[in-house]
Amino acid sequence: MSDLETFRKATRAWLTDNCPPEMREPVTGEDDICWGGRRFQFQSEAQRLWLERMAERGWTVPTWPKAYGGGGLSKEEAAVLQQEMRALGCRVPLFSFGIWMLGPVLLQYGTEEQRLEHLPRIARGEIRWCQGYSEPNAGSDLASLATRAEVHEDHFLVNGQKIWTSYADLSDWIFCLVRTDTTRKQGGISFLLFDMETPGVSTRPTRLISGKSPFCETFFENVKVPRRNLVGELQGGWPIAKYLLAHEREMIGGFSSVVAAKSVGRTAAEALGLDPQGRLLDLHLRSQIARFEVDEAAFAAWMEMTTDRARQGAGHPAVSSALKFYGAELNKRRWELLVASGGADALEWEGVRSGDGTVVRSWLRTKGNSIEGGTSEVQLNVVAKHLLGLPGA
Ligand SMILES: Cc1cc2nc3c(=O)[nH]c(=O)nc-3n(C[C@H](O)[C@H](O)[C@H](O)COP(=O)(O)OP(=O)(O)OC[C@H]3O[C@@H](n4cnc5c(N)ncnc54)[C@H](O)[C@@H]3O)c2cc1C
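Residues numbered from 1 in each chain as written. Predicted model: local features only at pLDDT ≥ 70, side-chain atom pairs only at ≥ 80, totals over all residues. Heavy atoms only, no water.

Let's talk about the packing of helix 1 (residues 3–18) against helix 3 (residues 75–88)
- Relative to each other, helix 1 and helix 3 sit at 40 degrees, their axes nearing to 10 Å. Overall, the two elements helix 1 and helix 3 adopt an arrangement that is oblique. The element helix 1 and its partner helix 3 pack so that their crossing is right-handed. Of helix 3, the residues touching helix 1 (which contributes Leu4, Phe7, Arg8, Thr11, Arg12, Leu15 and Thr16) are Glu76, Glu77, Val80, Leu81, Gln83, Glu84, Met85 and Leu88. (Axes fitted to C-alpha atoms, helices over the stretch in contact; angles between N-to-C directions. Helix = DSSP H or I, 4+ residues; strand = E, 2+ residues; numbered from the N terminus. Parallel < 35°, antiparallel > 145°, perpendicular 65-115°, else oblique. Left-handed = near helix turned anticlockwise from the far one by under 90°. Contact = heavy atoms within 4.5 Å.)

Overview of the environment of Gly110
- Its place among the elements puts Gly110 in the loop between helix 4 (97–109) and helix 5 (112–123).
- Here Gly110 falls in the buried class, since its relative accessible area comes to 11%.
- Sequence-wise, Gly110 and Tyr68 are 42 residues apart; in three dimensions their C-alpha atoms are separated by 12 Å.
- Those residues within four positions of Gly110 in sequence are excluded, and the remaining contacts are Val105, Arg115 and Val231. (Buried < 20%, exposed > 50% of the residue type's maximum accessible area, 1.4 Å probe, protein only.)

Looking at the side chain of Arg128
- Within the secondary structure, Arg128 is located in the loop between helix 5 and strand 1 (129–132).
- This buried residue, Arg128, is left without a salt bridge; Asp172 holds the nearest opposite charge, at 7.0 Å.
- For Arg128, the residues in contact, after removing those within four places along its chain, are Trp35, Gly36, Gly37, Tyr167, Leu170, Ser171, Asp172 and Trp173. (Lys, Arg positive; Asp, Glu negative; His and termini not counted. Salt bridge = Lys/Arg side-chain N within 4 Å of Asp/Glu carboxyl O.)

Points about the nonpolar core
- Judged by nonpolar contacts, the single largest core of 43 residues is most densely connected at Leu102, Tyr133, Phe175, Phe191 and Leu193.
- Those elements that place two or more of their residues in this core are helix 4, helix 5, strand 4 (173–179), strand 5 (189–195) and helix 6 (237–259).
- Other than its neighbours up to four places away in sequence, Leu102 contacts Phe97, Ile122, Trp129, Phe175, Phe191, Leu193 and Leu244.
- Among the nonpolar cores identified, the runner-up in size contains 18 residues, and Ile289, Phe292, Phe299 and Val360 belong to it. (Core = buried A, V, L, I, M, F, W, Y, C linked by side-chain atoms within 4.5 Å.)

So, the pairing of strand 3 (residues 155–166)
- With four bridges connecting them, strand 2 (residues 148–151) and strand 3 associate as antiparallel partners. Looking at the pairing, Glu150 lines up with Leu157 of strand 3.
- Connecting strand 2 to the next strand, strand 3, in antiparallel fashion are three residues.
- Here strand 3 pairs with strand 7 (residues 215–226) via nine bridges, running antiparallel. Residue His155 lies in a different strand from strand 7, and its bridge partner there is Pro226. (Pairing = 2+ DSSP bridges.)

Regarding the pattern of salt bridges
- On inspection of all chains with the given rule, the structure shows 25 salt bridges.
- Here Glu126 ties to Arg124 by a salt bridge, and the two come within 2.6 Å at their closest N and O atoms.
- The class for Glu126 is partly exposed, based on a relative accessible area of 34%.
- Among the charged side chains, a network of salt bridges with common partners joins Arg38, Arg39, Asp172, Asp195 and Glu197.

Overview of helix 5
- For helix 5, spanning 12 residues, the distance from its first C-alpha to its last is 16 Å, which sits close to the expected 16 Å at 1.5 Å a residue.
- Those residues of helix 5 that sit buried are Gln114, Arg115, His118, Leu119, Pro120, Ile122 and Ala123.
- Directly after helix 5, the chain includes Gly125, whose backbone phi takes a positive value near 70 degrees. (Expected span 1.5 Å × (residues − 1).)

Some thoughts on unusual backbone geometry
- Phi at Trp164 takes a positive value of approximately 60 degrees, unusual for a residue other than glycine.
- With respect to the secondary-structure elements, Trp164 resides in strand 3.
- One non-glycine residue, Gln235, lies in the positive phi region at around 65 degrees.
- By secondary structure assignment, the location of Gln235 is in the loop between strand 8 (230–231) and helix 6.

Functional significance is not addressed by these values, which are geometric in nature.
Okay, here's the thing in structure tokens:
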């Protein structure tokens, strides 16, 4: 038996013994997801236990080095772990901007001290991070950001405002783009980390059409940030910001398949019933769902191929824009179909039948997929210019 087969067998056995049955059920919505952090309230003992067990093995971040709280797995082993988790229906134990966005940045640009301080706490789900990029006048044109950080001998003094900061009110730390030089646009930006409990940081939640407040306005008033919390060089934040965005875009593109563990076809079959041949009763939806599931499988294969290429250093930086665009469109289609399959019940906003509007609220949330992490129009511009080589984009 090859090493990888031995690893697969051992992994399957461990997952079978250690993943609580509740954590093998699909998540029921955003509130059922484990985000960790100082203030996180676990939804169940099973959720807490699953995070603890996976973190202990370093499997919340399987490919990170063990010294930083990771599992030290090779990419082949990590792929096997993912396949086995999928096969058993195991939930992802921890959702985290720290894992998806800041972690890769610290591995690439952080000092050893920064890695040792932050990565293990990210891996164990102890600290929840938010992203301080967008500002009222700097969204797509991110490099126009105006939040100032005055440079002092041993600290920075930060003043300004961020907007659309996802979960800022629930997060413990922020990774933040600040302006340390007003004479240059991209070249005047630095990348800082700081605790959201630092005096001078405040947040104001923004209420959305879904009835929830997943993001905030974030204000900084004379926030004192130690000099050692600068990542990379002073004025060297722009390439780091872009590196992080590529990871964010891949994450958003692939997010739908992680959250929606239950297939659209299976959900529709339970809601609408099957004909004697075992086919979905609704002919129109049947063809739409079939097309969706084929596209979804093709997208998953494309994601896997892209990840492999990136790990081999053969990736193209603009591919993350294509993945982000298509993944967002796919997720919007997924929730359109789930609403259509649920009939009138799925549109109920409050009440027992709909679980207080789980489906309709998630459907409304997907509208933001084509804006967050860079809008679809901007991603299509990047694809046109850098992948297709079209003029004038
Ligand atoms: C759900 C959600 C979560 C978010 N979370 C965070 C977060 O945690 N942290 C954070 O920092 N930000 C976050 N954002 C902000 C997000 O990154 C910005 O909304 C996005 O970059 C667009 O910026 P903007 O809103 O200022 O729109 P604008 O940049 O003003 O764009 C307005 C419109 O103009 C179009 N447009 C702009 N420039 C071009 C161009 N060159 N070519 C063609 N069309 C163009 C856009 O596509 C869009 O339709 C979040 C947004 C959403 C919706």
